[in-house]
Amino acid sequence: MARNVLNNSMGRGILLVAFALGAIGSIAGLMTSERFWFSFLQNSLFVLTLALGAVLFVAFKSVSNAGWATALRRVPEAMMGYVPIGGILLLLVFFGRYQLYPWTNPVPSAHEAGLQLGFKHAWLSTPFFFGRMIVFLAVWSGLIYLMRRASFQQDSDGDVVHTKRRKAYSAIFIVVFGVTFSLASFDWIMSIEPMFYSTIFGFYTISGTLTSSAAAITILVIFLKKRGFLPAVGEKHMHALGQIVMGFATFWAYMWISQYLLIYYANLPEETIYYYRRTSSSGWMAVFILNLFLNWVIPFVMLLPRQVKMNAKWMVAACTIVLAGHWLDLYAMIFPAFFGSPIIGFVDVALTIGFVALFLLVFIKCIGCEELIPRNDPYLEESVEHEDLELVYQLRTETAGDI
Amino acid sequence: MSPNAASKAGVAEGQVVRLSKAGVSIEIPVLIQPGQSDDCVAVALGYGRTKAGRVASGVGANAYPFVEFVDGTFRYEAEDVSIEPTSTFVELAKTQVHQSAEGRPLIMEYSLAEFVSGHLHEESEKQVDLWKPHDFPEHKWGMVVDLNACVGCNACVLSCQAENNIPVVGKDEVRRRREMHWMRIDRYYDEKPDGVTTRFQPMTCAQCDNASCETVCPVLATVHSSEGLNMQVYNRCVGTRYCANNCPFKVRRFNWFLYPHEDAVANLALNPDVTVRTRGVMEKCTFCVQRIEEGKIHARNEGRPIKDGEIKTACQQSCPANAITFGDLKDPESSVSKLRHTKRNYVLLEELNLRQGLTYLGKVRNDGETVGGEPKNGSSL
Amino acid sequence: MAAVFRDIETVREEEIRLQSEIDRITAHPVYSPLREPLIDESKACSDVTNDISGLLERPASKGWWILFGLSFSLLIAGIVAAINTVYFGIGTWGLNKTVGWAFGITNFVFWIGIGHAGTFISAILYLFGQKWRTSINRSAEAMTLIAVMCAGIFPILHMGRPWLFYWIMPYPNTRGSLWVNFRSPLLWDFFAISTYFTISLVFWYLGLVPDLATARDRATNKARKIFYTVLSLGWNGSNRTWSRYETVYGVLAALATPLVLSVHSIVSFDFATSLVPGWHSTIFPPYFVAGAVFSGFAMVTTLLIPVRKVMHLEGYITVQHLDNMCKITLLTGSIVGLSYLTELFIGFYSGNPNEIFVILNRMGGPYAWAYWIMFSCNAFIPQLFWFKAFRTRIPLILSLCILVNVGMWFERFVIIVTSLHRDYLPSSWAIFIPTLTDVGLLVGSFGLFFTAFLIFLRLFPVISMNEVKGVLHYARD
Amino acid sequence: MRATEPSEKTVRYAAAFFDNEHDLMAIAAEARLRGFEIQDVFTPYPIHGMDRAVGLKRSRLGWIAFVAGALGLISAILLQVWTSAYDWPLNVGGKPFNSFPLFVPVMFELTVLFSGLISIGVLFMMNRLWIMSKKKIFEGVTDDRFILVLKQEDASFDTEKAARLFKKYNAIKVMEGDKFV
Amino acid sequence: MSLTTLKILMILITIIGAFLVWQSRTFRIYGDQLGYEPIQPINFSHKLHAGDNQISCLFCHSSADKSKVAGVPPASTCMNCHSQVLPDSPEIQKITAAIAENRPIEWVKVNDLPDLVAFNHSRHVTSGISCQTCHGPVETMERLSQQNAFTMGDCVSCHRTHREVTLDEAGKPQIAREQTAQKLMASTDCSVCHH
């Protein structure tokens, strides 16, 4: 019962063209641009983190018994579907490892002589690195599969046990994700500059992930609501989503200032070099400041008034800014290691369009396959407004009545 | 007593042993000293006095009975002395309890061949700050200690103590690791296949430009002067000890108790140019800022620039080997500037980017090589 | 006639419209059937008043006096130690030139950490709409205030010249206005802790005002009447007041949430900004916050288990409440565990010999015992809360929470002492041995904590009556 | 300021006591829709949706808190930058005089402090909550009584209609009074 | 609170405030010795000597331009003149007696700085700062009194306003300029006074 949430075939066509553009751009970039693999890593992480953040969103909702988000839960659940595909794409960086990761060079320069020290040398070895990567992605995909299955089965049989199972899977996912994503962010991003280390790096990346995926969820919810899907989503949900985006953006700012302030303060060369590369040239300095503004200052100030959170247009604007901020954040984490000034070329644009299009295509596919409202979820009534209660009761299957 | 001798005699550090020879015997605790000959026990003379006033009466044991007058001369060696461990232990008051450098590159040493070849250590990388460093308009005081010249005699430590009114805190406080010397000589024993190498390094406040102690003081009691000095203002200090924690060289000293006493006669011995510190405040080497100020005033009153070498710190003045050089780094002609540009110059813990005013000239060792000289292994302490 | 009918018709339509409008306005929220009642279902509003206000009106029990006597004697020990410190100097502590901070700052960070649970419960759980907070927030907030007071004593006492502590405040002065160093984490501490204390105090007091009014209206004794009349500020339960009150409560919750994060982050900056290996670690801010909430929740649980037993509050603080608190302890404990692992991992990953040395020294150096107490109590013990049996059996909860508290004290001890005692230059390595004064101050801070908490139990309603009444209607729907 | 608060006037009132929030909410909504002027309602705990029932607008205290916070932030920036970089700049550990990132903690703390204290101060002032307050306190309102107070100022107040309404929602007690402070 | 209470409170606050302002010199910070005017063992008049008779300060306080301390003149300095001038005055007799008994005259120190401050007279005198800048109009005082609170702020504000470093083309500070007495290089480094 696949449903086309775009309501017409135009949209899908545009997305396909965009994806094709991205693919062509990639091939062109691969042949011409030294920036290709950096851009590839950045953009594939950009969309992958949106999907992973959606998993965390659902997992947090499950473990905290938060009823309010039940009506829109299918949106992050559909976003989760991108993780296996995005994971496979990410693994392609194997072919770009020599450009991306200096530690893959068999003969390290004098500067990187420190890598010869035991543990780091063993940890950053190509087979172990990509082996880990495969394991992480596989474990995440497996848990996502279980969470999604438990969710969809409830639609048909209405059994409460699925809620409990989801809760268990979510708890496991949060723990597993906490450990693996920290390591993954050290691996995938931090090891681009192998001499730099910062213990907060994992938490920092997670905070950016949470913020941007909450923004993406908001945008997609508004989009679907506009098209008449998600009838039970109301002002209450918009307000809550606005608060979440604002809260996570502030959490990101907290992580950002924690890392920057401590490195600025202690002034240890191993660490300062990271920010030196990001602030010493005027171009990167602009990116550095813009990053803070896009990720926190602008969305925070914009979303402060209550009315804005319930206004679809403003919310979309604020969330788009957050997404742009997350993109820029990853850009500023990945590129300055090797590029003296920030340039955004054809490759970057093509890859961004391509990846976003792919993400949306997968999302549309996923969301079209299932019910848009988890009709038998025992928390559904809590989620909707008084006016929508009748609607919810109509959706319920008979078996779901008695719990 | 050497470690081998101690294990042979079955004694541990701090254990009191009875040394006896033909009717004379003394009881003194053991101090294990690597590098000491295995068959020899050294006892310091001059202790165990009975009429030496409050400070020295009854301290230690008198070893003079072992000295014999033979052939018209005093013989300070005694043979056939028996060592008999007792069950008493005392905690020795030592200013340094860990004797190994743990393999850390704190004291640079080069072989003669390396020195001759001129390739000593890696040129340090240019280190970056996230801000523009402050400039020093007039002077920038600096010190270079030549580890090659230093013989570890502790004259600098004592002259510093005298110059800067540093209290003598006594055995108990030293046991609690609270000695107050602003300057100290770090001494490391490193076991090597061919014996023990003793290395020492005079250590005092390095007057870092990026001083980690300064930024953490909540009350601005320690800030940087326009002449590159790390100033400590005793009367502003409230004694959080945060600076001492954050000092990688651990050169800051804290007045745990009210050490100076109201003693009208003893206080006449104090240097009037240096404030006597009360309890609860931090203190540390100032590069003898009272002498710098005096020198500056002297020169300015006469309307002339300060001459290189005109201002001498107390430690520099008393160093018998001229190991310590002090001067203005702003002046490219000063001897300290010149030494800074020699190959042997290195910065301790350079990886912390502290930009110290105190640097060292690495030691050139000539042992195990055929190029003349005799192998060194003993300690001069 | 027709007009009359039309009027009746209009009136009826009007009535129907009116009724539906009233229904719309008065619709109350629906709760999922999975939600269990928070409070004993048999309780009505007046029961809440009688149960909780009644506690204050009866004379103190014998048990209370015994506990008070015990805590007060601990407090006396602490006062003696404090006098000793101020009179003779910091030399009475076991510190030395290498280890400049030990017990004093450990206690400070420990108590500040304990002080995080209260505001976490009242602010963060409020924002997340967690209604179960209502039974525990009052005592948790009181605990916060008391813990912050206990903590605040140590930074002052640990100064060499505590009588000059006011120098860390920026005020114009006769020294050519020598200000303070706004770059110093200790100064941030001053701002953070005083702000935290102030905001927690007004937050706690704001929540207390309606309950004080209840106590006022029930008071028969003249002294009590005056006491509660003055404190309750003429509260009369007007909706206009409630409406603004709720707005301000929300604002304070929204402010207190980042404040909770900031306070322990700033405390962590004391260490993380420095360049002492083992102190300088960028993960410290979130890690300290998680640790603070972790220890705070363990302490709240430790306090509430006897309180609910002795004061017969099982109907209000149910096993479900304890279960929830255990879950938060588990979550924050896992974050702490993750941070330990991250520190270990990055320590080795960094390849920095000093970092690696610190880790090895913690695991196998002279204070290894403290490290392993810390690691087992904070990283392993809370993992037992995965099992429902450990979250619902009260003796188990109590013992695990006490262990967590022990572990968290040792965490701060390990961070402070093991990092300092062996840092860059081996020549300065030293060992810290606590003195009787150190122990006296530690014990005394516990004495102050329990004494003040026991006094709180006698003076103020231990459970927020107005908020509990607000969640009772679950039971009645 | 004292005169502007409506509850401050001397008015004749009718008060009805209820024993649960649902009746109170419903009668408040109905009374308002039927044209009664509601003086205020009194409850032992805050009731979600009561503002909507009695037709009270959202409080603007949130904005006051925001402005107060901004004030705190600005004063923190001015205090720190002025004292550290202008009034008496000192070289502290080589860091710039204006080490802005390091001023963030105090900026945050003062923002929160100002915002919290000022908004709570304004709350106490607006509601005239203070030590010497002499407000009318209905019996049982701090225990388990829910009270609706209607104004009967003008002639349009229909006593009978009000009595019917009170009865419909099972009022426990009805009382009238002259003065309302 | 009634309006009356409020009024009373306001009036009280005003009165107390006014009193504090009026009596502000009564409430001084610890160590503020401004106006200290002790009775000296000899009734020496600076007004007579430095004012009416125009004797230069450095005539008696002869080390002020050479040393850290300005110095109290020895009794023999007095006798340079007073062996001829008014030798029989009872005050001068006290000096004569002190010289005869070989004991110093126990002057009471008026302008005193705490030991934690190092002040060098010669530096200030040499750079042309008049004695009156710190000591006030000594030449008008019958009995010497402290005319400056000598707080750190007093020193610092002067050091700051006279902080002019002149650099030559090469960027080196021009030390010679100091002697014009207008351009001082007054440092505000803590260690200039505190060491």
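None of the values given here were measured: they were computed from a predicted structure. (Residues numbered from 1 in each chain as written. Chains lettered and ligands numbered in written order. Predicted model: local features only at pLDDT ≥ 70, side-chain atom pairs only at ≥ 80, totals over all residues. Heavy atoms only, no water.)

*Asks:* Looking at this model, I keep getting lost on the overall build of chain E. Mind explaining?
*Replies:* Secondary structure summary: chain E contains eight helices and zero strands in total. In sequence order, the secondary structure elements of chain E are arranged as α-α-α-α-α-α-α-α. Within chain E, the proportion of its 195 residues that are buried is 29%. Pairs at least 24 residues apart make up 61% of the contacts formed inside chain E by residues separated by at least 6 positions. Accessible area for chain E stands at about 12600 Å²; split by element, carbon and sulfur atoms hold 62% of it. (Helix = DSSP H or I, 4+ residues; strand = E, 2+ residues; numbered from the N terminus. Buried < 20%, exposed > 50% of the residue type's maximum accessible area, 1.4 Å probe, protein only. Contact = heavy atoms within 4.5 Å. Areas by Shrake-Rupley, 256 points an atom, 1.4 Å probe, with all protein chains shown as cover.)

*Asks:* Explain the overall build of chain B here, please?
*Replies:* Along the backbone of chain B there are ten helices and 17 strands. Radius of gyration (C-alpha) of chain B: 23 Å, near the 21 Å computed for a compact globule of 381 residues. With the C-alpha coordinates aligned to their principal axes, the bounding extent of chain B is approximately 70 × 60 × 40 Å. When burial is assessed residue by residue, chain B has 52% of its 381 residues classed as buried. Sequence-distant contacts in chain B: of pairs separated by 6 or more residues, those separated by 24 or more amount to 67%. A total accessible area of about 17400 Å² is found for chain B, and carbon and sulfur atoms account for 54% of it. Once the 44 positive and 49 negative side-chain charges of chain B are each reduced to a mean point, those two points are 5 Å apart. (Rg over C-alpha atoms; globule rule 2.2 N^0.38 Å. Lys, Arg positive; Asp, Glu negative; His and termini not counted. Charge placed at Lys NZ, Arg CZ, Asp CG, Glu CD.)

*Asks:* Where do I start with the interface of chain C and chain D in this structure?
*Replies:* One widely used convention gives an interface's size as the accessible area the parts lose upon coming together. In this assembly, 65 residues from chain C lie in contact with 74 residues from chain D. Between chain C and chain D, a total of about 6200 Å² is buried, with carbon and sulfur atoms accounting for 66% of that surface. Taken as a group, R183(C), R240(C) and R244(C) account for 13% of the area that chain C buries against chain D, more than any other trio of residues on that side. Counting across the chain C and chain D interface gives two salt bridges. The salt bridge involving D40(D) is made with R240(C); its shortest N-O contact spans 3.9 Å. Inspection of the chain C/chain D interface yields 24 residue pairs in polar contact (both at pLDDT 80 or more). Broken down by secondary-structure element, the contributors of at least two residues to the side of chain C that touches chain D are α1 (2-26), α2 (45-57), α7 (185-218), α9 (239-272), α17 (465-471) and α18 (473-476) of chain C. Sorting elements by how many residues they give to the side of chain C that touches chain D places α9(C) first, with 18 residues. (Buried area = accessible area lost by both parts, 1.4 Å probe. Salt bridge = Lys/Arg side-chain N within 4 Å of Asp/Glu carboxyl O. Polar contact = N/O pair within 3.5 Å; in protein donor to acceptor, adjacent residues only side chain to side chain.)

*Asks:* Would you mind showing me how to read the arrangement of the chains here?
*Replies:* For the nine pairs of chains in contact, the largest share of contacts goes to chains C and D. Nothing in chain A touches chain E; the tightest C-alpha to C-alpha distance between them is still 23 Å.

*Asks:* Looking at this structure, I do not really get the sheet that holds strand β16 (residues 358-361) of chain B. What am I missing?
*Replies:* Each strand in a sheet pairs with another by means of backbone hydrogen bonds, the pair being arranged parallel or else antiparallel. All names here are of chain B. Taken in spatial order, the four strands of this open sheet run β14-β7-β16-β15, and their pairing is mixed. This sheet does not close on itself; its edge strands, each paired only once, are β14 (324-328) and β15 (345-346). Sheet analysis places strand β7 (residues 141-146) next to β16, joined by four bridges and oriented parallel. Paired with V144 across the two strands is T359, which belongs to β16. (Pairing = 2+ DSSP bridges.)

*Asks:* Explain the packing of helix α10 (residues 235-266) of chain A against α9(C) here, please?
*Replies:* To characterise two packed helices, one gives the angle between the axes of the helices and the distance between these axes. It is at 11 Å that the axes of α10(A) and α9(C) come closest, and there the two elements cross at 15 degrees. Relative to α9(C), the element α10(A) is oriented roughly parallel. Considering only the axes of α10(A) and α9(C), their crossing is right-handed. Across the interface between the two elements, Y254(A), L261(A) and L262(A) from α10(A) touch L261(C), S265(C), F269(C) and A272(C) from α9(C). Per-class residue counts for the contact of α10(A) with α9(C) are six nonpolar, one polar and no charged. (Axes fitted to C-alpha atoms, helices over the stretch in contact; angles between N-to-C directions. Parallel < 35°, antiparallel > 145°, perpendicular 65-115°, else oblique. Left-handed = near helix turned anticlockwise from the far one by under 90°. Nonpolar A, V, L, I, M, F, W, Y, C, P; charged D, E, K, R; others polar.)

*Asks:* Is there a simple way to explain the sheet that holds strand β2 (residues 24-29) of chain B in this structure?
*Replies:* Residue and element names in this part refer to chain B. The three strands lie next to each other as β2-β1-β5, forming an open sheet whose pairing is antiparallel. Edge positions in the sheet fall to β2 and β5 (82-89), since each of these pairs with one other strand and no more. Across the sheet, the mean angle separating the axes of adjacent strands is 25 degrees when strand polarity is ignored. Direction of pairing for strand β1 (residues 15-21) relative to β5: antiparallel, over a ladder of five bridges. Paired with V17 across the bridge in β5 is P85.

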